[in-house]
Amino acid sequence: MKRMTGAEIRQSFLDFFVSKGHLIVPSASLVPVGDPTLLFTNAGMNQFKNIFLGLEEPRARRVTDAQKCMRVSGHLNDLEEVGISPYHHTFFEMLGNWSFGDYYKREAIAWGWELITALWGMDKAMLWATVFEDDQGTLPWDEEAMTHWLNETDIARDHVLRSGRKDNFWSMGPTGPCGPCSEIHYDRGPEHCNKQGVPGHVCQVNGDCTRYLEIWNLVFIQYNRDAQGDLYPLPARHIDTGLGLDRVTAISQRVPANYDTDLFMPILKRIQELRGHTDEEAAASRTAYRIIADHARSVTFLVGDGVIPGNEGRNYVLRMILRRAARFGRKIGFTEPFLGEVAKAVIEVMGGHYTELRRRHDFILNVIRQEEERFQRTLGVGLALLDDIMAGLEARGERVIPGGEAFRLYDTFGFPLDLTKDVGAERGFSVDEAEFKAALGEQRARGRAMQQFVAADGKELEGYVRLLEALKAQGGLGPDGVEDLSREAAELETVVLAILHDGQPVTQAAEGDQVEVVLAATPFYVERGGQVSDIGTIARHTAGEQPPRWEIQVSDMREPVPGLIVHVGQVSSGRPQTGDPAWAVIDAERRMDIARNHTATHLLHSELRYILGEHVQQAGSLVAPDRLRFDFTHGMMLTQEELDAVEQSVNDAILAGYPLEVANTSYKEAVAGGAMALFGEKYGEQVRVIRIGDPGEPFSQELCGGVHVDQTGEIGLFRIVSETSVGAGVRRIEAVTGRTAFQLVQKRLNVLDAAATHLGCPPEEVERAVLRLMGDLHDRQKENADLRRGMARLEFEALLLGVQETAGVKVLAGQVQAADVETLREMTDWSRNRLGSVVTVLGAVIDGKPNLVAAVTPDLVERGLKAGALIQQVAKVVGGGGGGRPTLAQAGGRDASKLGDALALVAGLVEEQIGK
Ligand SMILES: [Zn+2]
Ligand SMILES: [Zn+2]
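Residues numbered from 1 in each chain as written. Chains lettered and ligands numbered in written order. Predicted model: local features only at pLDDT ≥ 70, side-chain atom pairs only at ≥ 80, totals over all residues. Heavy atoms only, no water.

Student: Hey, could you go over the pattern of salt bridges for me, with residue numbers and the actual values?
Tutor: Close approach of charged atoms allows side chains with opposite charge to pair. Applying the stated criterion to the full structure yields 52 salt bridges. For Arg62, the salt bridge goes to Asp102, with nearest N and O atoms at 2.4 Å. Of the two residues, Arg62 sits in strand 2 (residues 62-70) while Asp102 sits in the loop between strand 3 (91-100) and helix 4 (105-119), which places them 40 residues apart along the sequence. Exposure remark for Asp102: the relative accessible area of 34% places this residue in the partly exposed category. A salt bridge links Arg297 to Asp246; the nearest nitrogen and oxygen atoms lie 3.4 Å apart. Within this pair, whereas Arg297 is found in helix 10 (residues 286-304), its partner Asp246 is found in helix 7 (residues 245-252), the two being separated by 51 residues in sequence. Classification of Asp246 as buried rests on a relative accessible area of 4%. Each of the salt bridges in this network shares a partner with another, and the network as a whole consists of Arg324, Arg327, Lys331, Asp422 and Glu426. (Salt bridge = Lys/Arg side-chain N within 4 Å of Asp/Glu carboxyl O. Helix = DSSP H or I, 4+ residues; strand = E, 2+ residues; numbered from the N terminus. Buried < 20%, exposed > 50% of the residue type's maximum accessible area, 1.4 Å probe, protein only.)

Student: Got a sec to walk through the pairing of strand 21 (residues 618-623)? Specific residues and values, please.
Tutor: Within strand 21, five of the six residues are buried, which leaves the element mostly enclosed by the surrounding structure. Taken together, the five bridges between strand 21 and strand 22 (residues 628-633) define a ladder with antiparallel strand orientation. Among the inter-strand pairings, Ser621 is bridged to a residue of strand 22, identified as Phe630. Hairpin geometry of strand 21 and strand 22 is characterised by an intervening segment of four residues between the two adjacent antiparallel strands. (Pairing = 2+ DSSP bridges.)

Student: Before we move on, can you summarise the coordination of the zinc ion (ligand 2) with the specific residues and values?
Tutor: Only His598 (NE2), His602 (NE2) and Cys704 (SG) from the protein coordinate the zinc ion (ligand 2), and they sit 2.1 to 2.3 Å from it. Each donor residue of the zinc ion (ligand 2) belongs to the same chain, with the gaps between them written as H-x3-H-x101-C. One end of the pair, His598, is in helix 20 (residues 588-612); the other, Cys704, is in the loop between strand 25 (697-703) and strand 26 (718-725), and 106 residues separate them in sequence. For the pair formed by His598 and Cys704, the shared burial category is buried. (Donors = N, O, S within 2.8 Å, 3.2 Å for Na, K, Ca; no water.)

Student: Describe the environment of Glu642, naming the residues involved and giving the relevant values.
Tutor: Mapped onto the elements of the fold, Glu642 is located in helix 21 (residues 640-655). Residue class for Glu642 comes out partly exposed when judged on its relative accessible area of 24%. Distance in space between the C-alpha atoms of Glu642 and Leu608 is 9.1 Å, their sequence separation being 34 residues. When sequence neighbours within four positions are dropped, the list of residues in contact with Glu642 reads Leu612 and Met637. (Contact = heavy atoms within 4.5 Å.)

Student: How would you explain the confidence of the model for the protein chain if you had to name every residue and give the values?
Tutor: Summary statistics for the protein chain give a mean pLDDT of 88 and a share of 94% for residues scoring 70 or more. Every residue in residues 447-459 is under pLDDT 50, and counting partners more than four places away or in other chains gives 34 contacts. (pLDDT = per-residue confidence, 0-100.)

Student: So what's going on with the sheet that holds strand 27 (residues 730-737)? Residues and values would help.
Tutor: Note on sheets: strands pair through backbone hydrogen bonds, and any given pair is parallel or antiparallel. Spatially, 21-22-27-26 is the arrangement adopted by the four strands of the open sheet, whose pairing is antiparallel. The open sheet has two edge strands with one neighbour each: strand 21 and strand 26. The sheet shows a mean angle of 15° between the axes of neighbouring strands, taken without regard to direction. Pairing geometry for strand 22 and strand 27, over six bridges, is antiparallel. (Axes fitted to C-alpha atoms, helices over the stretch in contact; angles between N-to-C directions.)

Below, the structure written as structure tokens:
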């Protein structure tokens, strides 16, 4: 077959059928329109169902299309093959040609053959076809199709096979249009068989190996099945075909798996770049890569068709697939949200034909990021919990995760049931689903909806979408939505466009109400790119009036759909109404703290690259008023010298008072000019570049949408407070600036001064004085330990007088004053050295709790005595338990007053054990 790109194959299919008089129709949405019985569009015919049923007139008698399809019901079994099988996907494309009562089998077969052999140059020797022959013996065999295959094409005569109902008879449902079909298979050659060497295996068309690939199914719709199951010929006969684009592309590009085609490679490459894997490392995680790539396609297309993550129906399926991809990302080492970046690659690959992906680019990425961030916060903790649960079950020999635990993972950590099942299945566990469902039902009955997850539910988000549309329609908002002036102004006069109370639009709110407020314009920054949201107030002032007529304290900001900026807060006085003029004022002092930390983050980034090397890349960041947190790629812990050097250079850049230059430019130009693109920010065509340093030669240049100081001197002081690891190859620095840095320094110096006063020395000599004190302390501790040992020796000698002998075994049991368990153990050694063959059980009260150590010499172990068994029974008396080896065991307890009673039992227990 000719080498073609996936896009070329798609286009040439459509062009070919246009040349045969077909009309190109666009793909239907993945969300079936007007068909509540279907979760997703799963075949090309879905959108033509009513035409087949005679309920609707077609726009044209011959049409062709490329259709987006999803085959996943939200159940695990749909997903098990994905990533492992070379050609099973959750999302895929079907290319089709359709005849509605127009041409029939002859043309469908002849044209199909012409396209794949004459136009695409598929090797005829490798092609096989099947026609229908009823294995139940009630329907006539499809002689007509066979005749056309033999007369209209030059396929090898012995390559047309007959096959039964399972593969070659197609029905839309239990009743309705149906008919025989004819499949075209491609023989990829014996080396593609995945069952080579399996005894008894024979490669065959519609067999069970991966050698023969079904590439095209031609369906001939000629019957109608009634409720009794009887078939009647239809007055008009139809053609419905489906060709798998991914599979044909794999054949054309001579690659073993669909994932190796140009429809998938750029997506896999993006994952590898983001993760920073070498080719070998990527190959070692191949299945995870493929699962992420497959799921990223589904997620991108689903959101592109307006599906939003949620807990029901198709919203649930989206959430489940997205979270499953996030989990596999975590498995290969991602520690920060990454799927949005992978979705960008999907849009680059598919957006040429499916232009809706480009149009909804920002919305798609926004929804994916929000969902992934929400899940990321709980994923690690949830997985660790699930691990613990499974370890506990394993220890008890159980294999079923209780439904209550699965529910807790769902409710608290956002684990869809199928995700828990998925993780469990990998280790051979199942989930008690009935119990899970019961727990879920109980919770719903209590009416405590899942607060933190409901927020992203389709219904709620739909409410925001409708609100945004309504505000635009009324003219309150322009096409770009709320005017974002967060970087231009700290306060401004604007208009209240909408107030939401309990999620519902209201025309006014009362004092004390929790509200969400939409203004025509806002100075409030909404959290993005690591920088946290502003807080502040919205109030109505009338000239000369004090206090304001009403006021709202804004405590948080959200942008649930692009363009709809929402102020979240509480009415602190008065009754705000929609249409009211309002003053929006941010907390400017807090904003200044944030700006200091943000600019300092850029300085830190640039100094880390200067001091550690160009391999340093930002891997995440938080810019809050009280601190900054910066994650970056670097293989090892920083030395104190490196940390000092970084801190020093950042402070040098601050003292130099460099101006900040803000430039708006195109993304391409910015990156070409050397600007660093930061992970996790979103960029339109126009981007904002922050330059710090000499205007001609800035040492820091970053794409950034956040707020900054005007010149570096305003940062005041920069101080690193910690340097830690957050995963393989990623380090984290936390630092403070400005007021917080000053407070930190002041507090530390005050502590130092106080310590100097206590030590009676000048502050500079505190360290030496402390070291001297520590040396003294160490000497005293050693002296003390020696004294305690001496005392224990004396005690032991006294104890030796009480050695008993029972059943020919020497037993030494008694209470001593040991300071720790270590001393108790040492005393059992003394006992063995002095007495040779002996059972020793010693007890001591340490920190108010009874402690016991038992030792049995090996000769007595051979006679059936076991230290572990012995101590368990003795410890029971003090309300505790323990264990250990047959020669040495230890135990703790709760009731120190019973220690004497417990030790008194020892001789009897020894006699008992020997007796057995
Ligand atoms: Zn085979
Ligand atoms: Zn920035």
